[in-house]
Amino acid sequence: MTEFLHNNNQLRKIAKLIASSKYCVAFTGAGVSVESGIPPFRGEGGLWNRYDPQTLELGYFFEQPDKSWEVIREIFYNFFGKVDPNKAHLVLADWENRGLVKALITQNIDNLHQQSGSKEVYDFHGNAMRLVCVVCESYVSIEDAELSVLPPRCKGCTGLLKPDFIFFGEGIPQLAYSKSVEAASQCDLMLIIGTAGEVSPANQIPIIAKNKGAVIVEINLEPSAYTNRITDYYLSGKAGEIMPQLDALIKECA
Ligand code: NAD
């Protein structure tokens with residue numbers, strides 16, 4: 001049964017749980033970056049209301065790389081590149097620094113966790129800040145990539161460059177997958193922030209944690225696929241507001 005928590009006294013209970021946990025792992029989704037100005041894919045203001053998801057299908061990318069790249073450049077580089085981490089990202093980075101969070105699994109590709117200082121980050125869907133050559137598999141950092149002529153090409157072999165995040169139809173990066181499963185199996189508390197829990201196989205990660213006995217705490221604006229199923233404590237609200245509140249309460253308890 002999910003317990004829905006609202007007031008400060010109830011939040012204090014979660015602050016104590018986090019402070020006393022032995023191995024807390026965070027699992028984040030698009031919602032953690034909404035307050036930085038990056039819209040989620042679905043719902044009101046979602047990216048798929050403005051863009052065709054076909055752009056990120058692997059087959060379409062190979063058939064029409066110039067068209068696919070035009071949309072990719074607009075969403076992920078002209079726009080994502082100009083946003084900053086918000087308070088939720090910053091609190092998570094600080095908690096890792098203080099030993100309160102051991103690892104962070106993210107479905108996001110925006111690099112904002114790394115930008116805010118988190119180090120043990122598993123990019124379950126890859127990361128937009130790197131491009132990969134589909135022919136020779138060499139990597140190019142986005143700062144060194146030339147996006148004025150599309151599609152961008154590898155300087156070494158002239159192969160097509162693709163963002164190093166997964167497209168529809170692609171598998172999960174192996175290392176991020178194995179690290180995520182390991183962290184989920186090990187944790188005694190999982191903090192799920194801003195994900196609807198509808199994208200597979202990422203949505204199985206909290207279920208692994210639950211099955212191994214972890215307490216599940218969820219922060220979201222609205223109930224997700226986890227709420228009333230595996231979530232023990234549900235905190236309703238914006239991640240950028242609740243995370244600093246929890247942080248203040250943890251500092252009070254210390
Ligand atoms: P989603 O779009 O399906 O769901 C977003 C969730 O965040 C919703 O449950 C919503 O209620 C919640 N939310 C919105 N604003 C919030 C806030 N301020 N605080 C807390 N919660 C908030 O996103 P998803 O579940 O992460 O899955 C969609 C896929 O989209 C993922 O695979 C992810 O890779 C990708 N995506 C990534 C980015 C990014 O990198 N920032 C952006 C859009 C989509």
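Keep in mind that what you see is a predicted model, and the values were worked out from it rather than measured. (Residues numbered from 1 in each chain as written. Predicted model: local features only at pLDDT ≥ 70, side-chain atom pairs only at ≥ 80, totals over all residues. Heavy atoms only, no water.)

Right, let's talk about the site of the ligand for a bit. Residues in close proximity to the ligand total 28 residues, the closest being A30, Q107, D110, T195 and N220. Taking A196, its main chain carries an N or O atom lying 3.0 Å from an oxygen atom of the ligand. In the complex, the protein chains occlude 93% of the 850 Å² of accessible area that the ligand would expose alone. Among the cavities detected, the one that contains the ligand is the largest pocket. The residue makeup of the shell around the ligand, split by class, is 12 nonpolar, 11 polar and five charged. (Near = heavy atom within 4 Å. Polar contact = N/O pair within 3.5 Å; in protein donor to acceptor, adjacent residues only side chain to side chain. Areas by Shrake-Rupley, 256 points an atom, 1.4 Å probe, with all protein chains shown as cover. 1 Å grid on protein atoms, 1.4 Å probe; cavity = no way out; pocket = protein on both sides within 12 Å on 5 of 7 lines; lining within 4 Å. Sits in = over half its atoms within 2 Å of the grid points. Nonpolar A, V, L, I, M, F, W, Y, C, P; charged D, E, K, R; others polar.)

Turning our attention to the packing of aromatic side chains. Tallying each qualifying case throughout the model produces nine aromatic pairs. A centroid spacing of 5.1 Å and a plane angle of 70° characterise the contact between F61 and F167, whose relative ring orientation is edge-to-face. You can see F61 sitting in helix 2 (residues 58–63) and its partner F167 sitting in the loop between strand 7 (161–165) and helix 6 (174–186), a full 106 residues away along the chain. Members of the aromatic cluster, connected to one another through ring pairs, are F61, F62, F76, F165 and F167. The ring of Y139 carries the charged tip of R130 above its face, separated from the ring centre by 3.7 Å. (Phe/Tyr/Trp six-rings, centres within 6.5 Å; stacked < 30°, edge-to-face > 60°. Helix = DSSP H or I, 4+ residues; strand = E, 2+ residues; numbered from the N terminus. Lys NZ or Arg CZ within 6 Å of the ring centre and 35° of its normal.)

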